[in-house]
Amino acid sequence: MGFLAGKRALVVGLASQRSIAWGIAQAMHREGAELAFNYQTDKLRGRVEKMATELGSSIALPLDVATDEGIDGFFDALSGHWDGFDILVHSVAFAPQDQLGGGYLDCVTREGFRVAHDISSYSFAALAKGARGLMAGREGAMLTLSYLGAVRAVPNYNVMGLAKASLEANVRFMAADLGPSGTRVNAISAGPIKTLAAAGVGGFRRMLHHVEEASPLRRNVTIENVGNAAAFLCSDLAAGITGEILYVDAGYNIVGMHFETPDE
Ligand code: NAD
Ligand code: 0WE
């Protein structure tokens, strides 16, 4: 029996077969969880419904996290399918394109800052507010996805780094708030992976190459690597872990300096 047998997981942020959310959903399905999904736009509906079906789920509902009405309507609709659930996965980030290429101060604007923080950080708390009732009284878990730019200055990541720093603080405040109700809250800080969100980013291939050279494991991570860690963190195997940021990055974040090994 899988280590998520009997658990229901809502996965927010599935867009394609390359999505980190897809790696997470596959691992959770393999371990016996029942799944529900959202799709952000009507354009994504068909694709998300098909992927849901592949994992034995018939629940795919519209949700754009930009408005409270959207979030309220989503949980109303979800409660027609489920009387409660155990796991919330938040795999959502967005900043306007003009925020992500060039020097930080040249790029950052009041509106860019607002949107990045709203969609990439506040939305996690907003979903938790909506999910709270349905998740209460269980040994539940919430999980979000962060990136190293939260704690280091990474070229071009710019205001998204500030939004991820806010998201990581959100994890700690939510963990402290929800712990007494039995809900754990954690994040995975993933290494770079070529997904749709990474597709529009200039120089992404160079970043992947750099991680391959400099990380202790001398490789990039996969959505399967992230998915397995996510399934663990959201399972009772991780019952003692909350408020944590777990790096799934082939060890890249621990390196202070790197020399080529002789055969490289
Ligand atoms: P992705 O494009 O597959 O997923 C991003 C998702 O965000 C999409 O499903 C999109 O629909 C959703 N989204 C954006 N704005 C939304 C809104 N207003 N309402 C609802 N949904 C919205 O890309 P991904 O790389 O799988 O990203 C998932 C998460 O992983 C993000 O938080 C990202 O910051 C994080 N992350 C990605 C990487 C990477 O290199 N790909 C590394 C570390 C962390
Ligand atoms: O969090 C992310 C990507 C988030 C993201 C990506 C886009 C591209 C398209 C947020 N908003 C947008 N808006 C768009 O219009 N990652 C961790 C992947 C990523 O993105 C980078 C990176 C890495 C890594 C951008 C610059 C530098 C590094």
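Here's a quick rundown of the structure. (Residues numbered from 1 in each chain as written. Chains lettered and ligands numbered in written order. Predicted model: local features only at pLDDT ≥ 70, side-chain atom pairs only at ≥ 80, totals over all residues. Heavy atoms only, no water.)

Another aspect to go through is the environment of P62. Within the element layout of this structure, P62 appears in strand β3 (residues 60-62). Looking at P62, the relative accessible area reads 48%, which means it is partly exposed. C-alpha of P62 to C-alpha of F74: the two residues are twelve residues apart in sequence and 6.8 Å apart in space. In this structure P62 touches Y39 and F74, once residues within four positions along its chain are discounted. (Helix = DSSP H or I, 4+ residues; strand = E, 2+ residues; numbered from the N terminus. Buried < 20%, exposed > 50% of the residue type's maximum accessible area, 1.4 Å probe, protein only. Contact = heavy atoms within 4.5 Å.)

Let us look at the site of ligand 2. Neighbouring residues of ligand 2: F94, A95, Q97, L100, Y147, P155, N156, Y157, A197, V201, F204 and M207. One of the backbone nitrogen or oxygen atoms of A95 is found 2.7 Å away from a nitrogen atom of ligand 2. Taken by itself ligand 2 offers 580 Å² of open surface, and the protein chains cover 88% of this. Of the residues belonging to the shell around ligand 2, the class tally is ten nonpolar, two polar and no charged. (Near = heavy atom within 4 Å. Polar contact = N/O pair within 3.5 Å; in protein donor to acceptor, adjacent residues only side chain to side chain. Areas by Shrake-Rupley, 256 points an atom, 1.4 Å probe, with all protein chains shown as cover. Nonpolar A, V, L, I, M, F, W, Y, C, P; charged D, E, K, R; others polar.)

Our focus in this paragraph is unusual backbone geometry. The backbone phi angle of N156 is positive, close to 75 degrees, even though this residue is not glycine. The topology assignment puts N156 in the loop between β5 (140-146) and α6 (159-178). For N156, a relative accessible area of 30% translates into the label partly exposed. Not every positive phi belongs to a glycine, and A250 is a case in point at roughly 60 degrees. Along the polypeptide, A250 turns up in the segment after β7 (245-248).

Attention now moves to the site of ligand 1. The local shell around ligand 1 holds 27 residues, among which S19, Q40, K164, I193 and T195 are the closest. Note that an oxygen atom of ligand 1 is positioned 2.5 Å from one of the side-chain N or O atoms of S19. Contact between ligand 1 and A197: an oxygen atom at 3.1 Å from a main-chain N or O atom of the residue. Its free accessible area being 810 Å², ligand 1 has 92% of it covered by the protein chains.

Take the nonpolar core next. Residues I20, I24, M28, L35, F37, I188 and V226 are the most contacted members of the largest nonpolar core, which totals 41 residues. Residue assignment for this core shows that the elements contributing at least two residues are β1 (8-12), α1 (20-30), β2 (34-39), α2 (42-54), β4 (87-90), β5, β6 (183-190) and α9 (223-233). Considering every element that reaches this core, the biggest residue donor is α1, with seven residues. The contacts of I24, once residues within four sequence positions are left out, are V89, L143, L145, G227 and A230. Judged by nonpolar contacts, the second largest core, of 34 residues, contains V12, F75, W82 and V115. (Core = buried A, V, L, I, M, F, W, Y, C linked by side-chain atoms within 4.5 Å.)

Next up on the list: a negative patch on the surface. A contiguous patch of negative charge, built from D68, E69, D72 and D76, is present on the exposed surface. Structurally, the position occupied by D68 is in helix α3 (residues 68-79). (Patch = residues over 30% accessible without salt bridge, like charges linked within 9 Å, V, L, I, M, F, W, Y side chains within 5 Å. Salt bridge = Lys/Arg side-chain N within 4 Å of Asp/Glu carboxyl O. Lys, Arg positive; Asp, Glu negative; His and termini not counted. Charge placed at Lys NZ, Arg CZ, Asp CG, Glu CD.)

Right, let's get into the pattern of salt bridges. With the rule as written, the count across this model stands at eight salt bridges. In this structure, the salt-bridge partner of E49 is R45, at a minimum N-O distance of 2.8 Å. One end of the pair is E49 and the other is R45, both in helix α2 and four residues apart, which spans about a single turn. Salt bridges sharing common partners tie together R8, E34 and D83.

Here the focus is the packing of aromatic side chains. Under the criterion given, the structure shown has three aromatic pairs. On the basis of an interplanar angle of 80 degrees and a centroid distance of 5.3 Å, the ring pair of F74 and F75 is categorised as edge-to-face. The same class applies to F74 and to F75, which are both buried. Ring centres of Y147 and Y157 lie 4.9 Å apart, and the angle between their planes is 65 degrees; this geometry places the pair in the edge-to-face category. Taken as a pair, Y147 in the loop between β5 and α6 and Y157 in the loop between β5 and α6 lie far apart in primary sequence, ten residues in all. Judged by relative accessible area, which is 16%, Y147 ranks as buried. Residue Y157 is classed as buried on the basis of its relative accessible area of 18%. (Phe/Tyr/Trp six-rings, centres within 6.5 Å; stacked < 30°, edge-to-face > 60°.)

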